[in-house]
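Take a look at the letters that make up each chain.
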Amino acid sequence: MRKQRRRRSRALAGAVAVTAALGVAGCDVVGGSSGTTGREKTRAARTVQVWDRSPASIAAVGDSITRGFDACTVLSDCPEVSWATGTSDQVDSLAVRLLGRAKAADHSWNYAVTGARMADLSGQMADAVVRRPQLVTVMAGANDACRTSVRAMTSVADFRSEFEDALGTLRKALPKTQVYVSSVPNLKRLWSQGRANPLGKQIWKLGICPSMLADADDLTSAATVRRDKVQQRVEEYNKVLEEVCAKDRRCRFDGGAVYAYRFGTDQLSHWDWFHPSTDGQSKLAAIAYRAITAKDPVD
């Protein structure tokens, strides 16, 4: 009996010692170390706080859409209605929404160029960094798909490399500047909307996005295959924009919002029925503003 009591006493003492040791070590059998959990929470909080929803200055880079091409007069830029940096009351641009009308005039800059492709973006970034903006907006890629033929479209690999180069140009000079990246619009939907207008189709013949818009009324299988290839390339470009942006903690992609937006006839230029009208520019500004001021990135 005494031996049994001594064995029970030693077992109980051993259990108490193990329990005490676990308590001292701070080990949580279910959730792991309480110290590690605290560090993870702090790290997560810092990650969330990286994005500033109210930047004090904006620079825009990209192509004809950001220049307001064909929104005011035929075959001409109209930067005052640009979704990114425009001054028009009809648009209420991103710069005006974020900075206020008075400040936007001196703290926003438009370096986009009509006809620009992704290969041109690095040079635009180099111009933009001189201003040291707190936010850079990017809308590019449509012209990489809008070529003279399907074969002439920018390859997906080159598109990725060129976009990475452009972000690299920015990061070398301004590692903390934020970037908003718009998805490439749905070009096939724009063709579908615009082809009902005879005037628009005449303007298209002047060379606007021939890979998609050439022979607008041709519904043969060959023409359908051609347009589908352009559309697939646009979708691949958008995947690249999303993936590259996701690697940069100060970059936000629009989640495909511009691609998904259904531009109607009121949102298309009544000069070419392809580029955004003043109303379309306003819709783009609203999409960008929601993405930039959201608490969390758009999925």
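Each chain has its residues counted from 1, running along the sequence as written. This being a predicted model, a pLDDT of at least 70 is required before a residue's local features are given, and a value of 80 or more before pairs of side-chain atoms are given or counted; all residues contribute to the totals for chains, interfaces and linings. Note that the side-chain values use all heavy atoms of the structure and ignore hydrogens as well as water.

Asker: Talk me through the packing of helix 5 (residues 121–129) against helix 7 (residues 156–173); I want residue IDs and the actual numbers.
Answerer: Interaxial distance between helix 5 and helix 7 falls to 8 Å at its minimum, and their mutual angle equals 15°. For the element pair helix 5 / helix 7, the angle class is roughly parallel. Along this stretch, helix 5 crosses helix 7, giving a crossing that reads as right-handed. Facing L121, S122, M125, A126 and V129 of helix 5, the residues of helix 7 in contact are F163, D165, A166, L167, T169, L170 and A173. Class assignment for the residues of the contact of helix 5 with helix 7 results in 9 nonpolar, 2 polar and 1 charged. All axes here are fitted lines through C-alpha atoms, helices being fitted over the stretch that makes contact, and every angle between N-to-C directions spans 0 to 180 degrees. The numbering of helices and of strands both runs from the N terminus, where a helix is a DSSP run of H or I of at least 4 residues and a strand a run of E of at least 2. Our angle categories are set so that under 35 degrees counts as roughly parallel, over 145 as roughly antiparallel, 65 to 115 as roughly perpendicular, and the remainder as oblique. By convention, the crossing between two helices is left-handed when the near helix turns anticlockwise from the far helix through less than a right angle, and right-handed when the turn is clockwise. We call two residues in contact whenever any of their non-hydrogen atoms come within 4.5 Å of each other. Classification convention: Asp, Glu, Lys, Arg as charged; Ala, Val, Leu, Ile, Met, Phe, Trp, Tyr, Cys, Pro as nonpolar; all other residues, Gly among them, as polar.

Asker: Go over the packing of aromatic side chains with me, naming the residues and quoting the values.
Answerer: Any two rings among Phe, Tyr and Trp, with Trp reduced to its six-membered ring, count as a pair given centres within 6.5 Å; such a pair is stacked if its planes are under 30 degrees apart, edge-to-face if over 60, and tilted if neither. One pass over the full model with this rule turns up 3 aromatic pairs. Seen from their ring centres, F159 and Y237 are 4.1 Å apart, and the 15° between their planes marks the pair as stacked. Of this pair, F159 sits in helix 7 while Y237 is found in helix 11 (residues 221–246), placing the two residues 78 residues apart along the sequence. Only protein chains enter the area calculation, which uses a 1.4 Å probe; residues under 20% of their type maximum are buried, those over 50% are exposed, and those in between are partly exposed. Since its relative accessible area comes to 0%, Y237 is described here as buried.

Asker: I'd like a description of the sheet that holds strand 3 (residues 135–139), backed by residues and values.
Answerer: Strand pairing is assigned whenever DSSP identifies at least 2 bridges connecting the two strands. Spatial ordering of the open sheet is given by 2-1-3-4-5, a layout of 5 strands whose pairing is parallel. At either end of the open sheet lies a strand with only one pairing partner, and these are strand 2 (108–110) and strand 5 (251–253). Taken pair by pair, the neighbouring strands of this sheet meet at an average axis angle of 15°, ignoring direction. Two strands pair when backbone bridges link them, and strand 3 and strand 4 (residues 178–181) are joined in this way by 4 bridges, in the parallel orientation. Across the sheet, the residue bridging to L135 is Q178, located in strand 4.

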